[in-house]
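# Structure at a glance
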Amino acid sequence: MEITKLSADDEVGCAEAVAVDSAGWKLDCPEMVQHTPRSFANMLRYGWDLEPPQAFLAREDGTPVGLLTVNVPEYDNTNQTWLDVKVHPDHRGRGIGSALVGYGENLTRELGRNVVGFGGLDLPKAEAFAQRHAFEQKAIEVNRRQDLSGLDWGVVQRLYDEAVAASSAYELVRFTGSLPDDMLDGMVAVTESINDAPRDDLDVDDDVYSPERIRAYEEAQAKSDRTIYRVVARRKDTGDLAGHTVIAVERERPHLGEQHDTAVSRDHRGHRLGALLKSAMLLWLRDEEPALTQIDTWNAESNNHMIGINEQLNYKIVSRFLIYQKSV
């Protein structure tokens, strides 16, 4: 078996990688949103915030059989890597996944890092694979999907109206694309509020944000051909930024949206700002993105507050992921 590093400019390699990835999802979780060759290449170029992962394709006699993606954090948690391993269903059970995990662990050591993270669907075979490689389960993440075609807009409007009444000291401002320069410092503090979300037993430090990282995120999303929609809650009397919600809509597949963040600063909680932001975003997108039919979000299974809001907004579970870590 040959394992080679992929380049974003390798159109054939990216298409082969997506074929392996998609074949696995179609068997294990066909509802999962899958990459296109274009979106996969953009991931390798830009990542989430100009911190792209590395990807490696495994071939046997020229046939693609496995895919390894290695995320290497640089903004924070710089002692870690995170692995994603896919094996084509036609080639499972022959040690290819184990070889790719070993390759990722060796790369982790070469980078001077000592903690490896790994996520797998909540399936018996995935859990057995993680245990076989001495990973310890640390958290559960749940992927939920909102079906906009089946959404009761009366419920959304009612949620919005009730939240407006409870948050009269605040106003909402809306942005597409990049934030104004004079909001960057305030948005750093709001974005860092995500560190209050449950982490269960994960061995991770707080995410570190800066104006530069926010700009990197905006640039990476724009270059990946996604439109960022952001609704920000602002205190009327002081102008302090209190919270935000962000959804990105694909231009290649404009029926797909992804919830990137919803956070409310600790000092501004208790005013139903989370419900206000999410309902206001939906009402805005209804007018701006008529082709949009679904929005995916990810939360820790223990994040009961945010899950409660999502369930009011017609989010349904797509998949559960078990999150593992180990020292190397």
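Source: prediction; values computed, not measured.

As for its placement among the helices and strands, H244 is situated in strand β9 (residues 241-250). Among the polar contacts made by the side chain of H244, one reaches the side chain of D261 at a distance of 2.8 Å. Discounting chain neighbours no more than four positions away, the residues touching H244 are M187, V190, T191, R230, V231, V232, D261, T262, A263 and L277.

Another point: the sheet that holds strand β1 (residues 2-5). The strand order β1-β2-β3-β4-β5-β12-β6-β11-β10-β9-β8-β7 describes an open sheet built from twelve strands, whose pairing is mixed. Bordering the open sheet on either side are β1 and β7 (170-176), each of which pairs with just one other strand. For this sheet the average axis-to-axis angle between neighbouring strands, irrespective of direction, equals 25°. Two strands pair when backbone bridges link them, and strand β6 (residues 136-147) and strand β11 (residues 294-300) are joined in this way by seven bridges, in the antiparallel orientation. Bridged to V142 within β11 is N299. Together, β8 (226-235), β9 and β10 (256-264) form the strand contacts of helix α7 (residues 211-223), whose direction differs from that of β8 by roughly 145°.

Burial runs high along β10: eight of the nine residues are buried. Inspection of the sheet shows β9 paired to β10 by seven bridges, in the antiparallel sense. The residue of β10 that forms the bridge with G243 is V264. Connecting β9 to the next strand, β10, in antiparallel fashion are five residues. The pairing of β10 with β11 spans three bridges and is parallel. When the bridges of β11 are listed, E258 appears paired with D296. For the crossover that starts at β10, traverses helix α8 (residues 273-288) and ends in the parallel β11, the hand is right-handed.

When helix α4 (residues 124-132) is considered as a whole, its buried residues turn out to be A126, F129 and A130. Along α4, the residues classed as buried sweep out an arc of 95° about the axis, all on the same side. More than 90 degrees from the buried face of α4, the exposed residues found are P124, Q131 and R132. In this structure, the buried residues of α4 make contact with α3 (96-110), β5 (115-121) and β12 (315-327).

Here R215 shows up in helix α7. Residues R215 and L322, 107 residues apart in the sequence, show an inter-C-alpha distance of 31 Å. In contact with R215, not counting residues within four places along its chain, are S178, L179, P180, D181 and L184. Side-chain polar atoms of R215 contact the side chain of E218, separated by 2.7 Å.

The next subject is the pattern of salt bridges. Applying the stated criterion across every chain, the model contains 28 salt bridges. A salt bridge links E60 to R94, with the nearest nitrogen and oxygen atoms 3.0 Å apart. Remark: R94 occurs in the loop between β4 (80-87) and α3 and E60 occurs in strand β2 (residues 54-60); sequence separation between them is 34 residues. Given a relative accessible area of 24%, E60 falls into the partly exposed group. For K138, the salt bridge identified is with E136, shortest N-O distance 3.7 Å. The class of K138 is buried, set by a relative accessible area of 18%.

Here we come to the nonpolar core. Residues L273, M281, L282, L285, I295 and L313 are the most contacted members of the largest nonpolar core, which totals 29 residues. Counting residues per element, this core draws most heavily on α8, at ten residues. When sequence neighbours within four positions are dropped, the list of residues in contact with L285 reads Y229, I247, P290, L292 and I295. Core analysis: the next-biggest nonpolar cluster, separate from the first, contains 22 residues, V70, L83, L100 and A130 among them.

Non-glycine residue L50 carries a positive phi angle of around 60°. In this fold, L50 is placed in the loop between α2 (37-46) and β2. Here L50 falls in the partly exposed class, since its relative accessible area comes to 35%. Despite not being glycine, D225 shows a phi value in the positive range, around 65°. On the secondary structure map, D225 appears in the loop between α7 and β8. Relative accessible area serves as the criterion here: at 27%, D225 is assigned to the partly exposed category.

Running from N to C, helix α5 (residues 153-166) and α8 point in directions that differ by 135°, and their axes come no closer than 8 Å. Accordingly, the angle class assigned to the pair α5 and α8 is oblique. Relative to α8, α5 is oriented so that their crossing is left-handed. Here W153, V156, Q157, L159, Y160, A163 and V164 of α5 come into contact with α8, specifically with A275, L276, S279, A280, L282, L283 and R286.

Cut-offs and rules
- Residues numbered from 1 in each chain as written.
- Predicted model: local features only at pLDDT ≥ 70, side-chain atom pairs only at ≥ 80, totals over all residues.
- Heavy atoms only, no water.
- Helix = DSSP H or I, 4+ residues; strand = E, 2+ residues; numbered from the N terminus.
- Polar contact = N/O pair within 3.5 Å; in protein donor to acceptor, adjacent residues only side chain to side chain.
- Contact = heavy atoms within 4.5 Å.
- Pairing = 2+ DSSP bridges.
- Axes fitted to C-alpha atoms, helices over the stretch in contact; angles between N-to-C directions.
- Buried < 20%, exposed > 50% of the residue type's maximum accessible area, 1.4 Å probe, protein only.
- Right-handed = clockwise from strand over helix to strand, strands pointing away.
- Arc of directions from axis to C-beta.
- Salt bridge = Lys/Arg side-chain N within 4 Å of Asp/Glu carboxyl O.
- Core = buried A, V, L, I, M, F, W, Y, C linked by side-chain atoms within 4.5 Å.
- Parallel < 35°, antiparallel > 145°, perpendicular 65-115°, else oblique.
- Left-handed = near helix turned anticlockwise from the far one by under 90°.

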